[in-house]
Structure formats: C-alpha cells, structure tokens
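Architecture and fold: a report
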Amino acid sequence: MASAAHTPELIVVGASVRAMAASAARAGFRVFAADLFGDHDLREVASAVATIRPYPDGLPAAIASFPKVPWIYTGALENHPVLISALAADRPLAGSSPEAVARVRDPDMLARAVRAVGLSFPETRHDPTGLPRDGTWLVKPLASAGGRGIRPWCGSDADDSPRLWQKRIAGRRLSAGFVLTAGGSQLISTSRQLIGRRWCHAGQFAYCGSIDLDLEMLTGPLRDQLVRLGTCLAETFGLHGLVGADLIVDARQRAHVIEINPRPTASLELIERSTGGSLAALHLAAFGITSSAAPARWPREGTWSKAVLFAARDIDFSAATLAAVRTRSASWTSADGWPAVADIPEPPCPIPAGAPVCTVFAHAATPRGALALLRRRVINIEAAIFD
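These remarks concern the structure in this document. (Residues numbered from 1 in each chain as written. Predicted model: local features only at pLDDT ≥ 70, side-chain atom pairs only at ≥ 80, totals over all residues. Heavy atoms only, no water.)

**Section: the overall build of the protein chain**
Selection rule: Comment: elements are numbered from the N terminus, with helices defined as DSSP H or I runs of at least four residues and strands as E runs of at least two. Within these notes, the globule rule equals 2.2 Å times the number of residues to the 0.38 power, and the radius of gyration is based on C-alpha atoms. Contacts are assigned to residue pairs with any non-hydrogen atoms lying within 4.5 Å of each other. For accessible areas, the Shrake-Rupley method is used with a probe of radius 1.4 Å. Any residue's cover is judged against the shown protein chains and nothing else.
If you tally the helices and strands in the protein chain, you get 11 helices and 18 strands. Its C-alpha radius of gyration of 20 Å places the protein chain within 12% of the 21 Å reference for a compact globule of 387 residues. If one aligns the C-alpha atoms of the protein chain with their principal axes, the spans along those axes are about 60 × 50 × 45 Å. For the protein chain, restricting intrachain contacts to residue pairs at least 6 apart in sequence, the fraction spanning at least 24 positions comes to 62%. Accessible surface, the protein chain as shown: approximately 16,600 Å² in total, 55% of it carbon and sulfur.

**A few points about the pattern of salt bridges**
Stated precisely, the cut-off is as follows: Each salt bridge in this description consists of a side-chain nitrogen of Lys or Arg and a carboxyl oxygen of Asp or Glu lying within 4 Å of one another. Relative accessibility thresholds used throughout: buried, under 20% of the residue-type maximum; exposed, over 50%; partly exposed, between the two (1.4 Å probe, protein chains only).
Evaluated as defined, the whole model comprises 13 salt bridges. For the salt bridge of Lys-68 with Asp-90, the shortest nitrogen-to-oxygen distance reads 2.6 Å. Of this pair, Lys-68 sits in the loop between α3 (59-62) and β4 (71-73) while Asp-90 sits in the loop between α4 (81-88) and α5 (98-104); the two residues are 22 residues apart in sequence, bridging distant segments of the chain. Under the relative-accessibility criterion, Asp-90 is labelled partly exposed at 40%. One salt bridge in this structure joins Arg-377 and Asp-336, with 2.8 Å as the shortest N-O distance. Of the two residues, Arg-377 sits in helix α11 (residues 367-386) while Asp-336 sits in helix α10 (residues 319-336), which places them 41 residues apart along the sequence. Through salt bridges with shared partners, a single ionic network connects Arg-18, Glu-269, Lys-306 and Asp-343.

**Here we look at the environment of Pro-107**
By the element assignment, Pro-107 lies in helix α6 (residues 107-116). A C-alpha to C-alpha distance of 8.1 Å links Pro-107 and Thr-124, two positions 17 residues apart in sequence.

**Some points on the sheet that holds strand β14 (residues 303-310)**
Applied cut-off: At least two DSSP bridges between two strands are needed for those strands to be called paired.
Spatial strand order, β13-β12-β9-β10-β11-β14-β18-β16: eight strands in an open sheet with antiparallel pairing. The sheet is open, and its two edges are formed by β13 (255-261) and β16 (341-342), each paired on a single side. As defined by bridge partners, β14 adjoins strand β18 (residues 356-364) across eight bridges and the pair is classed as antiparallel. Bridge pairing in β18 places Phe-310 opposite Pro-356.

**Considerations on the sheet that holds strand β7 (residues 151-152)**
Read from one edge of the open sheet, four strands run β5-β8-β6-β7, paired in antiparallel fashion. Where the open sheet ends on each side, the last strands, each with one partner, are β5 (124-125) and β7. Where strand β6 (residues 137-141) and strand β8 (residues 163-167) come together, five bridges link them in antiparallel fashion. If you follow Trp-137 over to β8, its bridge partner there is Lys-167.

**Observations regarding the state of the cysteines**
Heads up, the condition is: Throughout, disulfides are identified as pairs of cysteine sulfur atoms within 2.5 Å of each other.
Counted under the stated rule, the structure contains zero disulfides. Unpaired in terms of disulfides, Cys-208 finds its nearest cysteine sulfur in Cys-200, a separation of 4.1 Å. Taking relative accessible area as the criterion, Cys-208 reaches 0% and is therefore assigned buried. Not part of a disulfide, Cys-358 finds its nearest cysteine sulfur in Cys-200, a span of 9.8 Å.

**Describing the side chain of Ser-305**
As a reminder, the rule being used: Under this definition, polar contacts are N or O atom pairs within 3.5 Å; protein pairs additionally need one hydrogen-donor-capable and one acceptor-capable atom, and for neighbouring residues in sequence, both atoms have to be side-chain atoms.
Residue position: Ser-305 is located in strand β14. Judged by its relative accessible area of 0%, Ser-305 falls in the buried class. One polar contact links the side chain of Ser-305 to the main-chain carbonyl oxygen of Ala-370, over a distance of 3.3 Å. Look past the residues within four positions of Ser-305 in its chain and what remains in contact with it is Ser-210, Ile-211, Leu-270, Val-360, Phe-361, Ala-362, Ala-370 and Leu-374.

If you want it as structure tokens, here you go:
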C-alpha cells in the first residue's frame, strides 16, 4: 500500500457524502469529508470529518482546516452555484462548473434543450394563475432535492419561497446515470426510483431508494432517448463527470425529463456494488485525477436495491442503538459481501421525526426479490432501533 505521503488526497462535500467518500477510499484516496450528518460509517473511511453548521453556509468554515486538494460535491449543492464558485476559487474543483450547474438547473433552459433532442419535459409554469386545483399539477420548490417540499396544487398556499408549477405525468419513475467528458457521454446505469414508500416513512413525493436495472434490458427507443439526453447534457450544458437524470417513462416508452442532478447521485452506488468498481475513480478520471491503487472488486450477479429509512417519531440514537443495528445486520453484510446498513448516525444523536435514519441494502436474483427482501430488512432495522 502506498504511504500516506504518496496517497492522493480528496475532499468530498455535500448533504450526505458517505457513499462517495467510501468509494474514493476504496480507490486509494485519502478522504476529507464534510456533510450535514457526520455519520459513524463515514468516520470509518475518512481521515477527517467535519459537520456543516449551518448547512450549506457553514461549508467554507467546515473545510477551512482541510488541505488545498481537489474536491467534489454531492447533493444538494447544485442548488447553490454561488457557493460552488466560492469554493472553486480556493481549491481545484473536480465537478461541473457553477455556470454549467446554473444552466441545467434553469427549468426553462432545460425544457428547451431536451425538447430539441426529442425528449419530453412536463408543462411548467412560474405562476399558478388559471391552473386547475384538482391535483393534476404539482407545486415544487425551485431549490428542490430528494422530492422534499413537492405537493399537489390545490389552490391554497401561504408559501412565498421561489417555486414552480408542473403538470403531473403518469408513468414509471426512473433514474439514469451518465459519465460525461469533453469527448462525449456514456450511459452507465438505470434504476427504478422508490418514492414515498410507507414502510420507509417517506413523504408522498420523497425519494426513499432505488432498484438497479440491467442496462441490457432497456428497450431500443428508451435507450436511444437516454443516449441523446446524455449527449445534450455534455454538449449543450457542459456538464462533466458523473451526472444523474430523474425521469418518468410513460406507457409509450417516452421519457419525460423531470430534473438533472449535475453530480454523483444516490442511486449510482448500486452500480458500484454490481460491478465492483469505484464510482469516485470513474468521476475523478473525467477530470484527469487518478490513483495507482485499484479497488478490490466484489461484483455480484443479480439485483441490488437500497432504501432510506426515515424516522416515524423522534429517536434517541444511542451507543446501544448502534450496537443493535450492527448486530441485526451482521449476517446480511456477511452474505452480501458489502455493508448491509450505511449512513449510520454517530451516537449520541437525536433524530427528529421525518429525518433520515439510515440506508439499508438488499441483493437478490431479481428486482422483485430485491424489493421484497429490502422491505423486510427495513422493517427489521426499524424494530432493532425501537426494541
């Protein structure tokens, strides 16, 4: 193993960075991490961890003591391009530029671009005047992340924050992952989104997990649309590295682009488990940053899934709670070859109702089996927390 003096260093920042920090550590990087939670398993893979208080304005102070090395961002810093610009002035950025981020997060610009390459974008308004109030339209925060704050439009609203109104689309909720470079775009993943699952205690429109889908099973028309979307994101918007797209695919296999996340996304770590590679290494290579260390490869055939468990009520996450979660999940981890529970709070940690508690993973031969096993594991972990 390379000595610490010769180990490449990397800073990872965002609301929750455990997945990318662990991926970078597997690829041979010495990781410095700053996020909202400072989870227990993040501390196991990072050389230093800082919590961002307040989020995100406290980010510059949180990383002030970190070395002047390359940095990457995860969600939901795409909502703060000015902050990205300020940080990039101080340390080399391995991520899409703040200018590219601002362009792709502009719903009007995104709508024009994706329609120009033959994809769909929901009808969108910046004012609700004249819109039906029967729930066929949604009201969304402009600075959205993970589906939080989205609700059906019923006509009454005291909220004066920046938002938009978007026509509701029926269909399957999918995510697509790309790696973008100056030379073009590569589609690397698709996954089914889990939204608002009651057994996760998630809000109606909240993202609460993913089920990996085999790229080889994509229909020709849908694959073609995704390939065109990736090219658009690289050439029209100038995005770079790992990028995710949230989509709804209707009954005619027409892809409706809902949102672009111009950074590594939550669903992508399932691909890492399927292939045994390092997504952080793939992302960094797009910026010419490499490590001589190769990650241990533990690929598994079948389907990986993940779910975010939210707190149904206030939780006092203690050392005893941590031990119970570890004990309950130990056999799953042994069978899977990867940690079965992640994003585990560092005790003592009060968790208010509605906040995320941890992430649970499951692996099975088929997507249906992976979802069924995932649900059982989530219920099991929740029982361990409250026993």
